[in-house]
Amino acid sequence: MALRHKLTGVLLAATTMFGAASAMAGEITFWSWRQEDKAAYAEYIKDFNKKHPDVTVKFEAFEPTQYQTILSTALAAGKGPDVIQVRAYGNLETVAKPGYLLALDESNVPELKGFPASALKAETMRSDNKLYAVPFASQTMLVLYNKDIFAKHNISEPETWDEMVEASKKLKAAGVTPFGNGTATAWQNETIVSALLSSLLGKQFEADILSGKATFEDPRFVSALGKMNDLAKEYFPPSFIGIDYASAQQLFIAGRAAMFAGGSFEAANFLRQNPALKIGVFAPPPAKKGDDKLVGVYYDGGYAINAKSEKQADALKFLRFLATKEFGDKFANGLSNISPIPGVAFTDPILAEVADLNKSSIPYLFLVHFRYQEPSGSVLIQAGVQKLLAGKATPAEIGTEVTKGIATYFEPFKK
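As the structure is a computational prediction, the values presented were derived from the model and not from experiment.

Asker: Mind showing me how you'd approach the overall build of the protein chain here?
Answerer: Counting its secondary structure elements, the protein chain contains 19 helices and 11 strands. Here the C-alpha radius of gyration of the protein chain, 22 Å, is about what a compact globule of 415 residues would show, namely 22 Å. Taking the principal axes of its C-alpha atoms as reference, the protein chain extends roughly 65 × 50 × 50 Å. Here the protein chain holds 415 residues, and 54% of them are scored as buried. Summarising the internal contacts of the protein chain: among those between residues at least 6 apart in sequence, 75% fall at separations of at least 24. For the protein chain, the exposed area adds up to about 17700 Å²; of that, 53% sits on carbon and sulfur atoms. One way to put it: in the protein chain the 44 positive side-chain charges average out to a point 2 Å from where the 44 negative ones average out.

Now the structure itself:
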């Protein structure tokens, strides 16, 4: 009850704040869940004001776990901010479908020209095929490794799955934990599937899944899950199923683990906590040398405009700035994110390497394609992998469970 009252208070404060802010001439409000980026956005807004001194931008960031509820409540009341940082895919649709967002295209945001099709698709609602946000970043699922540990033990980036297993065996024999990952935090179970198995699954697997030629009972998926299960039980930390996300991160940050299967977003956080780390990245290795090395990629979200904003002209000025190369260069290298804005140069060497790996990729499968309806693919695979790694289900049983869950709404599986 106390939590409900607290959340209600936050919602009332948020909507009241908008009402007060919108009454101020020349000021637009901009909401986000990225509290840690507040200082960076203050600098970006200064850059914007050099060209548009007549528009004041008020940046407000909320607790990430409460953001979607706060935003939806404000928008439903006909209020909310002028410019909105929104999620992608299914989470975008929760605020786009009710008509809360202004549709975008090159007529009102010319800077959209040249954006990757996959980035625009992530911010497009399926039912009307309209774009509702300017994409701001992609994330890449891969393997991060400690370059000093690899050098000390004379280990190179593995070219095949077997080479990665051999490297893990060598590290373990030397008293080094090969992978720092733990799986007590549910969403990490989905992460490791993409970060470790994208190359084993291959591009054709995604195409076959979407067409209905294959389901998650397919031998390619079942076999890959089996390999991941064997790797985790032998080369993840002892009692890894009880290790949460924060504790797993610390194993890598402290140099106690040589590798971490996760997202490109991990690198900046790792380096903030341990600037002495020398981090390398590689795509999950394929079964055979010469096969495609594929990373998993998804888009984090975008910048949208409130369809009921009374200051859409000023909001569009700011949104167009958020789609420029000038902004993209600072955003990417300042916040260590891969910007989809055409022509952005990555001065950070890790970002540059990730951008290069992205040239050979597949989507972060369950998020990109199956997080629109319930039971979501993400929930199904997260629960399934937890059962698999705990020894409570086989890879084949997980494939069947995931397929049955998605088949309740995915037409190609119903056939």
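Having put the structure on the table, let's press on.
Asker: Explain the pattern of salt bridges to me, please; I cannot follow it from the model alone.
Answerer: Two side chains of opposite charge can pair, provided their charged atoms sit close to one another. Scanning all chains against the criterion turns up 22 salt bridges. The partner of E326 in a salt bridge is K51, and the shortest N-O contact between them spans 3.1 Å. Taken together, the residues E326 in helix α14 (residues 325-335) and K51 in helix α2 (residues 38-51) connect sequence positions 275 residues apart. Here E326 falls in the partly exposed class, since its relative accessible area comes to 35%. Two residues, K317 and D314, come together in a salt bridge whose shortest N-O distance is 3.6 Å. Here K317 and its partner D314 are both found in helix α13 (residues 312-321), 3 residues apart, which amounts to about one turn of the helix. Taking the relative accessible area as the measure of exposure, D314 reaches 17% and is therefore buried. In the salt-bridge network here, residues are joined through shared partners; they are R34, E36 and D37.

Asker: Help me understand the pairing of strand β8 (residues 257-263) in this model?
Answerer: Sheet faces and side chains relate simply in a regular strand, where the side chains alternate between the two faces. Burial of β8 is extensive: 7 of the 7 residues sit out of reach of the surface. In this structure, strand β6 (residues 134-146) lies alongside β8, joined through 5 bridges in antiparallel fashion. Bridge pairing in β8 links L144 to F260. In this structure, strand β7 (residues 177-179) lies alongside β8, joined through 2 bridges in parallel fashion. Residue pairing across strands places T177 opposite A257, the latter belonging to β8.

Asker: I tried to follow the pairing of strand β10 (residues 295-305) on my own but got confused; where do I start?
Answerer: By the criterion of burial, β10 is predominantly enclosed, with 10 of the 11 residues buried. Two strands pair when backbone bridges link them, and strand β3 (residues 83-86) and β10 are joined in this way by 4 bridges, in the antiparallel orientation. Within β10, the residue paired with Q85 across the bridge is Y303. Here β6 runs beside β10; their pairing, made up of 7 bridges, is antiparallel.

Asker: Sorry if this is basic, but what is going on with the packing of aromatic side chains here?
Answerer: Here the structure, examined in full by the defined rule, presents 38 aromatic pairs. Ring geometry for F205 and F216: centres 6.0 Å apart, planes at 70°, overall edge-to-face. One end of the pair, F205, is in helix α9 (residues 203-211); the other, F216, is in the loop between α9 and α10 (219-235), with 11 residues separating them in the sequence. Sitting over the ring of W33, R87 keeps its end group 3.8 Å from the ring centre. Above the plane of the ring of Y372 lies R126, whose end atom (NZ or CZ) is 3.8 Å from the centre.

Asker: For this particular structure, what's the right way to read helix α8 (residues 187-201)?
Answerer: Residues that lie three or four places apart on an α-helix share one face, since the helix turns once every 3.6 residues. Between the first and last C-alpha of α8 there are 20 Å, a value that for 15 residues agrees with the 21 Å anticipated at 1.5 Å per step. The sharpest bend along α8 comes to roughly 40°, located at A195. Among the 15 residues of α8, 14 are classified as buried, and the element is accordingly described as predominantly covered. Phi for G202, located one or two positions after α8, is positive at around 85°.

Asker: Just checking my understanding: could you explain the packing of α2 against α14 for this structure?
Answerer: Geometrically, a packed helix pair is captured by the angle between its two axes and the distance between the axes. At a minimum axis distance of 11 Å, the contact between α2 and α14 shows a crossing angle of 165°. Here α2 is positioned roughly antiparallel relative to α14, judged by the angle of their axes. Where α2 crosses over α14, the two elements pack in a sense that is right-handed. Contacts between α2 and α14 pair A40, Y41, Y44, D47 and K51 from the former with E326, F327, K330, F331 and L335 from the latter. A breakdown of the residues in the contact of α2 with α14 according to their chemical character gives 6 nonpolar, no polar and 4 charged.

Asker: Before we go on, may I ask you to explain the environment of F327 in this structure?
Answerer: Here F327 is to be found in helix α14. Taking C-alpha positions, F327 is 9.6 Å from S339, a pair spaced 12 residues apart along the chain. Those residues in contact with F327 that sit more than four places away from it in its chain are Y41, Y44, Y303, F321, L322 and I341.

The rules behind each value
- Residues numbered from 1 in each chain as written.
- Predicted model: local features only at pLDDT ≥ 70, side-chain atom pairs only at ≥ 80, totals over all residues.
- Heavy atoms only, no water.
- Helix = DSSP H or I, 4+ residues; strand = E, 2+ residues; numbered from the N terminus.
- Rg over C-alpha atoms; globule rule 2.2 N^0.38 Å.
- Buried < 20%, exposed > 50% of the residue type's maximum accessible area, 1.4 Å probe, protein only.
- Contact = heavy atoms within 4.5 Å.
- Areas by Shrake-Rupley, 256 points an atom, 1.4 Å probe, with all protein chains shown as cover.
- Lys, Arg positive; Asp, Glu negative; His and termini not counted.
- Charge placed at Lys NZ, Arg CZ, Asp CG, Glu CD.
- Salt bridge = Lys/Arg side-chain N within 4 Å of Asp/Glu carboxyl O.
- Pairing = 2+ DSSP bridges.
- Phe/Tyr/Trp six-rings, centres within 6.5 Å; stacked < 30°, edge-to-face > 60°.
- Lys NZ or Arg CZ within 6 Å of the ring centre and 35° of its normal.
- Expected span 1.5 Å × (residues − 1).
- Bend = angle between axes of the 7 residues up to and from the residue.
- Axes fitted to C-alpha atoms, helices over the stretch in contact; angles between N-to-C directions.
- Parallel < 35°, antiparallel > 145°, perpendicular 65-115°, else oblique.
- Left-handed = near helix turned anticlockwise from the far one by under 90°.
- Nonpolar A, V, L, I, M, F, W, Y, C, P; charged D, E, K, R; others polar.

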